[in-house]
Amino acid sequence: MTCLHGRHIQPLLLAGLNGSNWRLADYAGRGGYAVFERILTEGVPPEAIIAEITTSSLRGRGGAAFPTGLKWGFMPRDYAGQKYLICNADESEPGSFKDKDILRYNPHAIIEGMLIAAYAMGASVGYNYIHGEIWAEYERFEEAIEEARAAGFVGQNLLGTAFSFELHAFHGFGAYVCGEETALLESMEGKRGQPRFRPPFPATRGLYGQPTTVNNVETLAYVPFILKMGGKAYADLGRANNGGMKIFSVSGDVVSPGNYEVPMGTPFSELLKMAGGMRDGKQIKAVIPGGASSPVVPGPLMMQTAMDYDSLLEAGSMLGSGGVIVLNETRCMVAALLRLAYFFYDESCGQCTPCREGTGWMYRIIQRMEQGQGRPEDMDLLDSVAANIQGRTICALGDAAAMPVRSFLKHFRGEFEHHITYRQCLVFG
């Protein structure tokens, strides 16, 4: 339970889940599938569903933060051919592990969310693209699909209506870039997972050239709750322009790492308390608030910041996937950035020259500093390389690699200069 502005707010997606109560009977006992049944039996107009999602202020919970209702509205309603709905469960962002827990503990919420979304957009086939390195969750989702099929929620002419929806699990290939929706589509088509040039956008030309909508796991799983409680009530759980609930994956130097579901706008200081505070009584030094691709924020500033889109933007970072990585006073920021830089260098698909060449260049410069071989001109060179990657690539991986570098240099420049000047770490000596 979270207390926000004097209100006690219970989690929606993760409340009372323990790993053994994930089956359809358990979900139905919590009111699951009732919203979807009402939509079909009452013949709720698809436009009304999209309007309610728009009212809820639900934005993409995978990192892009695009308004969900607006995205659903892009799907052409009068298109006579096949339309697809894809759940993006390719959770690969370092620091983010929320989608895996939803797949593990509440898979039927995803299925019901997909059913409602498909009905609203007129899609009759759906896929859940699940990250290639989580096999147990993939198998569990397959079981959940079969349970839903046996109960009449997946298949043809659902609940005696004209609406049909076939749902499949698709095991991904473990590539970070496949979290980008067009690279995901390329992967599903059996091609190398590389982002597409846009336009055309997936809503007009997506999977197999047909209209397609791609939404994140958390985004779709919230849909049944939103329609049950009403869009405005859901929006009011958070703060103005930052409505609803959000799951934050808290890791790093905290007592109790884990997933915490709180209203948008919850102060970071409260989220840190929920995670047990700083481990071993150490002082907070820095926080990466939205997964590895988000700019780092100094600890004292973060303690004054709320967990929502606008507040984190004001602090110079972003909400991203909600992967909150907490660093204490003993952490070397050069070593931390070296680890992040290697990840993006290793995961670049190589399609764009700035990303292909620039991520490796940045990694080698930081490695040189960390090994005590840095040069004074490396500071400006590193920032220049990052600046020439940012905004110059087909997808956001280039930005994801560049923004942490520039933010680490901005806030912790002294540590990098110390490595260069004294050939040793400021923290460890």
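Residues numbered from 1 in each chain as written. Predicted model: local features only at pLDDT ≥ 70, side-chain atom pairs only at ≥ 80, totals over all residues. Heavy atoms only, no water.

For the protein chain, an unreviewed UniProt entry supplies the name NADH-quinone oxidoreductase subunit F and the organism Oxalobacter vibrioformis. One UniProt comment on the protein chain, placed under Sequence similarities (unreviewed entry), says "Belongs to the complex I 51 kDa subunit family." Quoted straight from UniProt, the Function (unreviewed entry) entry for the protein chain says "NDH-1 shuttles electrons from NADH, via FMN and iron-sulfur (Fe-S) centers, to quinones in the respiratory chain." (UniProt positions renumbered as here; feature names shortened; annotations may be inferred.)

Engineer: Is there a simple way to think about the packing of aromatic side chains in this case?
Structural biologist: The description of an aromatic ring pair uses the distance of the two centres, along with the angle that the planes make with each other. Summed over all chains, the structure comprises 19 aromatic pairs. Ring centres 5.5 Å apart and planes at 85° place the aromatic pair Tyr119 and Phe163 in the edge-to-face group. Here Tyr119, found in helix H6 (residues 107-121), pairs with Phe163, found in the loop between helix H7 (135-150) and strand E5 (166-171); they are 44 residues apart in sequence, far enough to count as distant. The residues Tyr119 and Phe163 share a single accessibility class, namely buried. Ring plane angle 55° and centroid distance 5.7 Å describe the contact between Tyr222 and Tyr234, whose orientation is recorded as tilted. With a gap of 12 residues between them, Tyr222 in helix H9 (residues 217-229) and Tyr234 in helix H10 (residues 231-235) connect regions that are remote in the sequence. By the burial criterion, Tyr222 is buried, and Tyr234 matches it. (Phe/Tyr/Trp six-rings, centres within 6.5 Å; stacked < 30°, edge-to-face > 60°. Helix = DSSP H or I, 4+ residues; strand = E, 2+ residues; numbered from the N terminus. Buried < 20%, exposed > 50% of the residue type's maximum accessible area, 1.4 Å probe, protein only.)

Engineer: Teacher, can you tell me more about the pattern of salt bridges here?
Structural biologist: Applying the stated criterion across every chain yields a total of 30 salt bridges. Put simply, Glu143 and Arg23 hold a salt bridge, and the shortest N to O gap is 3.1 Å. Taken together, the residues span a long stretch of sequence, with Glu143 in helix H7 and Arg23 in the loop between strand E2 (7-9) and helix H1 (24-29) at a distance of 120 residues. For Glu143, a relative accessible area of 37% puts it in the partly exposed group. Exposure remark for Arg23: the relative accessible area of 34% places this residue in the partly exposed category. (Salt bridge = Lys/Arg side-chain N within 4 Å of Asp/Glu carboxyl O.)

Engineer: For this particular structure, what's the right way to read the state of the cysteines?
Structural biologist: By definition, a disulfide links the sulfur atoms of two cysteines through a covalent bond. Counted under the stated rule, the structure contains 0 disulfides. No disulfide involves Cys349; its sulfur sits 6.2 Å from the nearest other cysteine sulfur, which is in Cys352. By relative accessible area, Cys349 is classed as buried at 16%. (Disulfide = S-S within 2.5 Å.)

Engineer: Honestly, the layout of surface pockets in this entry has me stumped. Any pointers?
Structural biologist: The rolling of a water-molecule-sized probe over the atoms marks out the regions of remaining empty space. Reported here for the largest pocket is a volume of approximately 1200 Å³. Lining the largest pocket are 43 residues, with Gly62, Gly63, Ala64, Gly179 and Glu180 sitting closest to its centre. Counting only elements with at least two residues in the lining of the largest pocket, the list comes to helix H4 (68-73), helix H5 (98-105), strand E6 (212-216) and helix H17 (397-411). By residue number, the principal contributor to the lining of the largest pocket is E6, which donates 5 residues. Per-class residue counts for the lining of the largest pocket are 16 nonpolar, 17 polar and 10 charged. (1 Å grid on protein atoms, 1.4 Å probe; cavity = no way out; pocket = protein on both sides within 12 Å on 5 of 7 lines; lining within 4 Å. Points joined across faces, edges and corners; volume = space filled by probe spheres on them. Nonpolar A, V, L, I, M, F, W, Y, C, P; charged D, E, K, R; others polar.)

Engineer: Help me understand the sheet that holds strand E8 (residues 258-263) in this model?
Structural biologist: Sheet strands associate in pairs through backbone hydrogen bonding, adopting either a parallel or an antiparallel arrangement. The strand order E8-E7-E13-E10-E11 describes an open sheet built from 5 strands, whose pairing is mixed. In the strand order of this sheet, the two ends are held by E8 and strand E11 (297-298), each with one partner. Taken together, the 2 bridges between strand E10 (residues 284-288) and E11 define a ladder with antiparallel strand orientation. The partner of Val287 across the bridge, within E11, is Val297. Packing against the sheet, H9 makes contact with strand E7 (245-252) and E8, and its axis sits at approximately 140° to E7. (Pairing = 2+ DSSP bridges. Contact = heavy atoms within 4.5 Å. Axes fitted to C-alpha atoms, helices over the stretch in contact; angles between N-to-C directions.)

Engineer: What's the story with the sheet that holds E5 in this structure? I'm lost.
Structural biologist: Taking strand neighbours across the sheet as the criterion, the 4 strands line up as E5-E4-E3-E6 in an open arrangement whose pairing is parallel. If you trace the sheet from one side to the other, it starts and ends with E5 and E6, each paired once. Taken over all neighbouring pairs, the strand axes of this sheet differ in orientation by 20° on average, direction set aside. Strand direction decides the pairing type here: strand E3 (residues 84-89) and strand E4 (residues 125-130), joined by 6 bridges, are parallel. Within the sheet, the bridge partner assigned to Ala89 lies in E4 and is Ile130.

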